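Reading the structure
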Amino acid sequence: MSTTTPLGAEEQTASPAVPAGGRRPAPRRIRTGNGLVFVLPFLLVFGLFMVWPIVQGLWMSFTDSSLALRDTSFVGFDNYTEAFGDPDVWSSLGNTVFFTVVSSVPLVLVALAMALLVHSGLAGQWAWRLSFFAPYLLPVTVVTMIWTWLYQPELGMANQLLTTLGMEPVGWLSDESVAMWSVAALTVWWTVGFNFLLYLAALQSLPATFDEAAALDGAGAWRRLWSITLPQLRRTTGLVAMLQILASLKVFDQIYILTKGGPNGSTRPVLEYVYDVGFTGYRLGYASAISYLFFALIVVVSLVQLRLFRRED
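Presented here is a report on the structure given in the accompanying data block. (Residues numbered from 1 in each chain as written. Predicted model: local features only at pLDDT ≥ 70, side-chain atom pairs only at ≥ 80, totals over all residues. Heavy atoms only, no water.)

1. Overview of the side chain of Ser266
Relative to the helices and strands, Ser266 is located in the loop between helix H12 (253–258) and helix H13 (270–280). One polar contact links the side chain of Ser266 to the main-chain carbonyl oxygen of Pro263, over a distance of 2.8 Å. Leave out the neighbours within four places in its chain, and Ser266 touches Asn95, Glu176, Ala179, Met180 and Gly261. (Helix = DSSP H or I, 4+ residues; strand = E, 2+ residues; numbered from the N terminus. Polar contact = N/O pair within 3.5 Å; in protein donor to acceptor, adjacent residues only side chain to side chain. Contact = heavy atoms within 4.5 Å.)

Structure follows, in structure tokens:
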């Protein structure tokens, strides 16, 4: 009488061969070693251009380092104490916060409105998407050059439009009460395309079943938007708001090129003041201290935003 062995029984009963030393090979160690070889170039570049400058800048903030002097000495927290009592630090911080508020709110709301408009099914979808996103692809120098001509007091299109409407011309970049609003308008036009894409991608990923069910129940377009679409976009809105606030707090390029902080420092943000102190006043130690205080503020804002979003979830 012959017996048959089920298919695969030999593979199940057979034990893998063990080396002569009685130890099994350690493939995970080999894989880790091979992976480290590929990651090592990135770690070297990251450490050289990111970690080391951070450490060096932190140490510099505790010294009186200067571009005008070779010798430096340790001064402890003197730079930080001076920064807390410097009125220019507080005024530039106020300008930064004001710019963040007046630019972040429309950059969220306008981007949402643009995404809803495109998602509604307008004709020529590619043209709308291109026109909304194209300004984001322009370099900051080109953007500021365009808006400098628009804001030109005598020949600029903005003042010519006001004159046509029978209104007085405005000093868009020379009036202290208007200059920051002018920079905010430039920033909204330039960067709203990125937030528009985030909202559009989120809208296209939403399930249509809820909206269709509400429409069958007699809900109008505005009711469906307020009660169904916007609640589903809560996570995207939180992401857009967080990214936008952090980006606005770090504003520098367009303000420096457009107004250089003027008039009378009314548009000078913190980063421009750091630049002026470090590379115009040659006080690298003091500029580093201001930078790390501002860095701590950004970290606190980020943590608060994450905590608020987690509570909402």
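2. Things to note about unusual backbone geometry
A cis geometry characterises the amide bond from Gly262 onward to Pro263, with omega recorded as -5°. Among the secondary structure elements, Pro263 is positioned in the loop between H12 and H13. Phi is positive for Lys260, close to 55°, though the residue is something other than glycine. Within the secondary structure, Lys260 is located in the loop between H12 and H13. One non-glycine residue, Tyr282, lies in positive phi territory at about 65°. Residue placement: Tyr282 occurs in the loop between H13 and helix H14 (284–312).

3. Observations regarding the layout of surface pockets
Its volume calculated, the largest pocket comes out at about 490 Å³. Together, 20 residues line the largest pocket, and Leu271, Val274, Ser288, Ser291 and Tyr292 are the ones closest to its centre. If one sorts the elements of the lining of the largest pocket by residue count, H14 sits on top with 9 residues. Classifying every residue of the lining of the largest pocket gives 14 nonpolar, 5 polar and 1 charged. Around the second largest pocket, the lining comprises 16 residues; the ones closest to its centre are Leu116, His119, Asp211, Leu225 and Thr229. (1 Å grid on protein atoms, 1.4 Å probe; cavity = no way out; pocket = protein on both sides within 12 Å on 5 of 7 lines; lining within 4 Å. Points joined across faces, edges and corners; volume = space filled by probe spheres on them. Nonpolar A, V, L, I, M, F, W, Y, C, P; charged D, E, K, R; others polar.)

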